[in-house]
Amino acid sequence: MKFNILAMSWFTMLSTLLGCSAQATEGFESVDVDKFEQVIASDSVLRLDVRTPKEFAAGHIAEAINIDMMASDYEQRAIRTLPKDRTVALYCRTGNRSKTAASILVKNGYTVVELAPGIVGWERAKKPVTTEEIDAFLSPNGTPVKFHCIKHGTLAIEAGNRWIHVDPVADAIPPVTDYTTMPKADLILVTHGHHDHLDMKAIGQLSKDETKIIANEQSAKDIQGAQVMKNGDSTELFGWKVTAVPAYNTSADKQNFHPKGRDNGYLIEIDGLAVYIGGDTEVIPEMQALAGKVDVAFLPCNLPYTMTPEQVEQAARAIKPRVLFPYHYGETNIKKLLNLLGDTDIDVRIRQYQ
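Residues numbered from 1 in each chain as written. Predicted model: local features only at pLDDT ≥ 70, side-chain atom pairs only at ≥ 80, totals over all residues. Heavy atoms only, no water.

Here we come to helix H4 (residues 74–81). Because each turn of an α-helix spans 3.6 residues, side chains separated by three or four positions in sequence point in the same direction. When we look at burial in H4, the residues that qualify are Tyr74, Arg77, Ala78 and Thr81. End-on, the buried residues of H4 take up no more than an arc of 100 degrees, which puts them together on one face. For H4, the secondary structure elements touched by its buried residues are strand E3 (45–49), strand E4 (65–66), helix H5 (97–107) and strand E20 (347–348). (Buried < 20%, exposed > 50% of the residue type's maximum accessible area, 1.4 Å probe, protein only. Helix = DSSP H or I, 4+ residues; strand = E, 2+ residues; numbered from the N terminus. Arc of directions from axis to C-beta. Contact = heavy atoms within 4.5 Å.)

Enumeration according to the criterion identifies eleven aromatic pairs in this entry. Arranged with centres 6.2 Å apart and planes meeting at 40 degrees, the rings of Phe147 and Phe325 form a pair that is tilted. Separated by 178 residues along the polypeptide, Phe147 in strand E8 (residues 144–151) and Phe325 in strand E19 (residues 323–327) bring together distant segments of the chain. Each member of the pair, Phe147 as well as Phe325, is classed as buried. Taken together, the ring pairs connect Phe137, Phe147, Phe298, Phe325, Tyr327 and Tyr353 into an aromatic cluster. (Phe/Tyr/Trp six-rings, centres within 6.5 Å; stacked < 30°, edge-to-face > 60°.)

Spatially, seven strands are ordered E7-E8-E9-E10-E11-E12-E13 in an open sheet, and the strand pairing comes out mixed. With partners counted over all chains shown, the strands left at the sheet margins are strand E7 (134–138) and strand E13 (227–228), one partner each. Direction of pairing for strand E9 (residues 154–159) relative to strand E10 (residues 162–166): antiparallel, over a ladder of five bridges. In the strand pairing of E10, Glu158 is matched with Trp163. (Pairing = 2+ DSSP bridges.)

It is worth spelling out the layout of surface pockets at this point. Empty space within the largest pocket amounts to approximately 620 Å³. Residue lining of the largest pocket: 28 residues in total, with Pro53, Asn66, Arg77, Leu338 and Ile350 positioned closest to the centre. Of all the secondary structure elements, the ones that give two or more residues to the lining of the largest pocket are helix H3 (53–58), E4, H4, helix H10 (336–340) and E20. Looking at which element gives the most residues to the lining of the largest pocket, the answer is H3, with four residues. Residues that form the lining of the largest pocket fall into these classes: 13 nonpolar, five polar and ten charged. (1 Å grid on protein atoms, 1.4 Å probe; cavity = no way out; pocket = protein on both sides within 12 Å on 5 of 7 lines; lining within 4 Å. Points joined across faces, edges and corners; volume = space filled by probe spheres on them. Nonpolar A, V, L, I, M, F, W, Y, C, P; charged D, E, K, R; others polar.)

A separate point is unusual backbone geometry. In the segment running from Pro174 into Pro175, the intervening peptide bond is cis, with an omega of -10 degrees. Going from Leu303 to Pro304, the amide bond is cis rather than trans, its omega being 5 degrees. Looking at the secondary structure, you find Pro304 in the loop between strand E18 (296–300) and helix H9 (309–319). Residue Asp271 is not a glycine yet carries a positive backbone phi of 50 degrees.

Spelled out as structure tokens, the structure:
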């Protein structure tokens, strides 16, 4: 399945917007803070932070993707991750690394805008930064879809003006999440009944009269008004197709954790963007049916309950998602996946899903 991450060309509008205040530098535009802010205001522009992951985690421009230009595979990762019909607005700390990074992208056919004073200049100008991890996409039908990393097995999906919450958990596991500060949910998906996936306090904080709640049969017994979906069931909500897919353990010593047929994963098709939520699962034969049908995948990696990095590699190679978010990984050395899948076109994104 093909899709564009923030797809649409913006070159003509960009040229008009930048005007004479932009400086042409080796084929890209180097601009000041105010012009950079105007450029990234468009949903059609992809934001890129080329600093180290540690620098990125300390604070970054909202919705930026992080690809470390000092890493030996920067060029390869950038080409795999960034569509060439997107304008890339990038920055580093003070504007040194970003110019090198921009030149590499231009050499590979990208249209690039670079923040001349870097994020240091951005912050001096009192512009906002965040430590929140949000990954932004455009569906093939043009719907902005944003993935908000919350923690562990918990995430939120902002699709247009609607919100989907997956396994919301408030204070049953750290860190505490105050859902009263977030928009109410249009849809809540619950994979199974373990305390780190089913939390009635979080569901109460997120619910409004119109909230739809989908859960496996076991969990639905505890959630008033929940719609039961068993493995293989599908439904239409808000014009999207939601399918409950199997999630279970196959190893003999783990089957008491997640027995076959009880729990759900979910496949959500949002205006042409297919999102697979693995739930608590190991590599299972049913994943083969997803091959070539998934754009964004969330796969768990946490012993002794779910998968090892090697099993996640096996699952990813079977499913072949465009983008992979390992989640529910606890103390696992999750960066190992970057090497295990380094020979593929899968964009592995490490977020704070301990």
